[in-house]
Amino acid sequence: MLQLTATPASALADEPVHIRVTGLPPLQMVTLTASLKDEKGKLFRSKAFYRSNEAGELDLKQAPSFGGDYVGVHPMGLFWSLKPERTFGRLLKRDVMNSPFLVTLDLYDSVGFQDSATMEPRVSQVVERWFSHPGTQRVQIREGRVRGALFLPPGEGPFPGIIDLFGGIGGLVEFRASLLAAHGFAVLALAYFAYEDLPKHLADVDLEYFEEAANLLLAHPKIRRLGIGVISVSKGAEFALAMACFLRQVVAIVCINGPNAVCDFPLRYRDLVMEPLQQFLERIQIDVLGAVRLRHFRGDPRDKWNQQSVYPIEKAQGQILFIVGENDESINSKEYAEQALEQLQSHGRSNGRMLAYPGAGHLIEPPYMPLCYASWNAHYFSVPLLWGGDPVAHAAAQEHAWGEIQKFFRQHLLQTSSKL
């Protein structure tokens, strides 16, 4: 009897799934596909071509794909190779509490390149990919100026507290915060523009808004009082680094593909105003897909006329983990991180380190999320932006970085003081 199994059939989105097929003819070539629709009905699909063994079985932990969206042994390849049907789409989970992504796995008993919607699969299996754990509490935050959502693990705590900052996408993005809460962290997904009554667009950036959010999180009765962490990506990583420099409440910072200087808009904190790096529109490049590469758009922080824009990272009291994709097409993130570490070392500081991932792009997300190579961003230009990344290398980076991020926060948020 032909059978397709995926174990577990319902799990957190950052947990692996074991896919097996039994009951096939020996040494038969087959096509395995995965598909899902996001909450807006947009379709994402992947496929790979496999051969059963002499017993008529197929185990994705051991069997290589011969072609399709990836080649080789990749047990979760059908998940991280999902591609949008419409170019420049990005897979984002919006409702993280009430519904999972439903991934449909289909098996076809031949190698097929045609649209699988016109063919009947031999067997199918639906996998639920959840972004929150049972018992996790989501609290909408509207206090003072602060807007966001706080995710609390089950229990009385106190829990290590983290602020989660995304980039120029704007709005409130919750899926990373809810997943971290499933691993025992209390996480505030913080919006800072294009959400409710916050500014519709970024202009001046007021660091006191982020300070207010940090104080709010620290005052919560279920949060450990020893200091908070910040996890961040892209534009959010810029603000996380500013928080590290100026806010003593922040003791552990993860910056994923961010700059070491003020970019695009001035940053204000009390009486301080930091102007952004110079910009060079003539350095913008256009990819073969029509997406914009911003990697060389901004000036070099090392140039003397940009020194006023460089963050005084030597003032940071907390630990800083820079995570960079070496195929980042949005910013020169590895060079920025190296400059920041050199700046620390020149002041006798050792509270920073870097994890660099060859082949990884800009949007390093939790494990098994598909690579977003390029996507629309309504807040930057009127064209899609290029993020970069090789699918296989990017997937490996996401899986490794996720574990390192959790170890980093446990190490530095569960001890009595940060080691400088």
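Residues numbered from 1 in each chain as written. Predicted model: local features only at pLDDT ≥ 70, side-chain atom pairs only at ≥ 80, totals over all residues. Heavy atoms only, no water.

Colleague: Help me out: how do you make sense of the environment of Gln319 in this one?
Modeller: If you trace the backbone, Gln319 turns up in strand E22 (residues 319-325). With relative accessibility at 9%, the residue Gln319 sits in the buried group. When the C-alpha positions of Gln319 and Gln137 are compared, they lie 28 Å apart, and in sequence the two are 182 residues distant. (Helix = DSSP H or I, 4+ residues; strand = E, 2+ residues; numbered from the N terminus. Buried < 20%, exposed > 50% of the residue type's maximum accessible area, 1.4 Å probe, protein only.)

Colleague: Just checking my understanding: could you explain the packing of aromatic side chains for this structure?
Modeller: Two numbers describe a pair of aromatic rings. These are the distance of the centres and the angle of the planes. Tallied over the entire structure, the rule returns 13 aromatic pairs. Centre to centre, the rings of Tyr209 and Phe210 are 5.5 Å apart; their planes meet at 85°, and the pair counts as edge-to-face. Neither residue differs from the other here; Tyr209 and Phe210 are each classed as buried. Through a chain of ring-to-ring contacts, three or more aromatic side chains come together here, namely Tyr192, Phe193, Tyr209, Phe210 and Phe239. Geometry around Phe101 places Lys93 over its ring, the cationic atom sitting 5.4 Å from the centre. Over the face of the ring belonging to Phe166 we find Arg176, whose NZ or CZ atom lies 4.1 Å from the ring centre. (Phe/Tyr/Trp six-rings, centres within 6.5 Å; stacked < 30°, edge-to-face > 60°. Lys NZ or Arg CZ within 6 Å of the ring centre and 35° of its normal.)

Colleague: Quick question: what am I supposed to make of unusual backbone geometry here?
Modeller: In this structure, the amide linkage connecting Thr7 to the following residue, Pro8, adopts the cis form with an omega of -5°. Locating Pro8 in the fold gives a position in the loop between strand E1 (3-7) and strand E2 (10-12). Omega for the peptide link from Gly157 to Pro158 comes to 5°, which places this bond in the cis form. Within the element layout of this structure, Pro158 appears in the loop between strand E12 (146-152) and strand E13 (161-165). At Ala194, a residue that is not glycine, the phi angle is positive and equals roughly 60°.

Colleague: Even after reading the chapter, I still don't get the pattern of salt bridges, so can you show me in this structure?
Modeller: Applying the stated criterion across every chain, the model contains 25 salt bridges. Note that Arg90 and Glu365 form a salt bridge whose closest N and O atoms lie 2.6 Å from each other. Here Arg90 is found in the loop between strand E8 (83-84) and strand E9 (101-108), whereas its partner Glu365 is found in the loop between strand E23 (352-357) and strand E24 (374-375), with 275 residues between them in sequence. For the salt bridge of Asp287 with Arg293, the shortest nitrogen-to-oxygen distance reads 3.9 Å. Note on accessibility: Asp287 and Arg293 belong to one class, buried. When salt bridges that share partners are traced, they join Arg142, Arg147, Glu196 and Asp197 into one network. (Salt bridge = Lys/Arg side-chain N within 4 Å of Asp/Glu carboxyl O.)

Colleague: Explain the sheet that holds strand E17 (residues 250-256) here, please?
Modeller: To summarise the sheet geometry, strands pair through backbone hydrogen bonds and adopt either a parallel or an antiparallel arrangement. Within the open sheet, the 8 strands sit side by side as E11-E12-E14-E13-E16-E17-E22-E23. Their pairing is mixed. Only two strands of the sheet have a single partner each, and these edge strands are strand E11 (137-143) and E23. Going across the sheet, the axis of each strand differs from the next one's by a mean of 20°, ignoring polarity. The pairing of E12 with strand E14 (residues 186-191) spans 5 bridges and is classified as antiparallel. Each bridged residue has a counterpart across the sheet, and for Phe151 the counterpart in E14 is Val187. This element, helix H5 (residues 333-346), spans E22 and E23 of the sheet and lies at about 160° to E23. (Pairing = 2+ DSSP bridges. Axes fitted to C-alpha atoms, helices over the stretch in contact; angles between N-to-C directions. Contact = heavy atoms within 4.5 Å.)

Colleague: What should I look at first to understand the sheet that holds strand E18 (residues 267-269) in this one?
Modeller: Sheet architecture is open: 3 strands sit in the order E15-E18-E19, paired in mixed fashion. Sheet topology places strand E15 (205-206) and strand E19 (272-274) at the edges, where each strand pairs with a single neighbour. Strand direction decides the pairing type here: E18 and E19, joined by 3 bridges, are antiparallel. Each bridged residue has a counterpart across the sheet, and for Tyr269 the counterpart in E19 is Leu272. Where helix H4 (residues 235-246) meets the sheet, it contacts E15, E18 and E19, and its direction lies at approximately 30° from that of E18.

Colleague: Would you mind going over the nonpolar core with me for this structure?
Modeller: Across soluble globular proteins, you tend to see nonpolar side chains buried next to one another. Judged by nonpolar contacts, the single largest core of 135 residues is most densely connected at Ile163, Leu165, Phe210, Ile323 and Phe409. By residue number, the principal contributor to this core is H4, which donates 9 residues. The residues touching Phe210, leaving out its near neighbours within four places in the chain, are Leu165, Leu190, Tyr192, Val205, Phe239, Met243 and Leu247. In terms of nonpolar packing, the next biggest core, distinct from the first, is built from 6 residues, Ala261, Leu277, Val310 and Ile331 among them. (Core = buried A, V, L, I, M, F, W, Y, C linked by side-chain atoms within 4.5 Å.)

Colleague: Please explain the state of the cysteines as it appears in this structure.
Modeller: When the sulfur atoms of two cysteines share a covalent bond, that bond is a disulfide. Applying the stated criterion across every chain yields a total of 0 disulfides. Here Cys245 stays unpaired: no disulfide links it, and the sulfur of Cys255, its closest cysteine neighbor, is 9.1 Å away. Cys255 provides the cysteine sulfur closest to Cys263, a residue in no disulfide bond, and the two sulfurs are 12 Å apart. Its relative accessible area of 4% is what places Cys263 among the buried residues. (Disulfide = S-S within 2.5 Å.)

Colleague: Teacher, can you tell me more about the pairing of strand E16 (residues 228-233) here?
Modeller: The buried fraction of E16 amounts to 6 of the 6 residues, a majority that puts the element mostly inside the structure. Sheet topology places E13 next to E16; 4 bridges connect them, and they run parallel. In the strand pairing of E16, Leu165 is matched with Ser232. Relative to E17, E16 is paired through 6 bridges, and the arrangement is parallel. Across the sheet, Ser232 pairs through a bridge with Cys255, a residue of E17.

Colleague: Looking at this structure, how should I read H5?
Modeller: Because the α-helix completes a turn every 3.6 residues, residues three or four places apart line up on one side. Here H5 spans 20 Å end to end across 14 residues, near enough to the 20 Å set by a 1.5 Å rise per residue. Looking at H5, one finds that the buried residues are Ser333, Tyr336, Ala337, Gln339, Ala340, Leu341, Gln343 and Leu344. Where H5 is buried, its residues meet E22 and E23. (Expected span 1.5 Å × (residues − 1).)

Colleague: Looking at this structure, how should I read a positive patch on the surface?
Modeller: The grouping of Lys40, Lys42, Arg86 and Arg94 at the surface amounts to a positive patch. For Arg86, the location among the structural elements is in the loop between E8 and E9. Taking relative accessible area as the criterion, Arg86 reaches 67% and is therefore assigned exposed. (Patch = residues over 30% accessible without salt bridge, like charges linked within 9 Å, V, L, I, M, F, W, Y side chains within 5 Å. Areas by Shrake-Rupley, 256 points an atom, 1.4 Å probe, with all protein chains shown as cover. Lys, Arg positive; Asp, Glu negative; His and termini not counted. Charge placed at Lys NZ, Arg CZ, Asp CG, Glu CD.)

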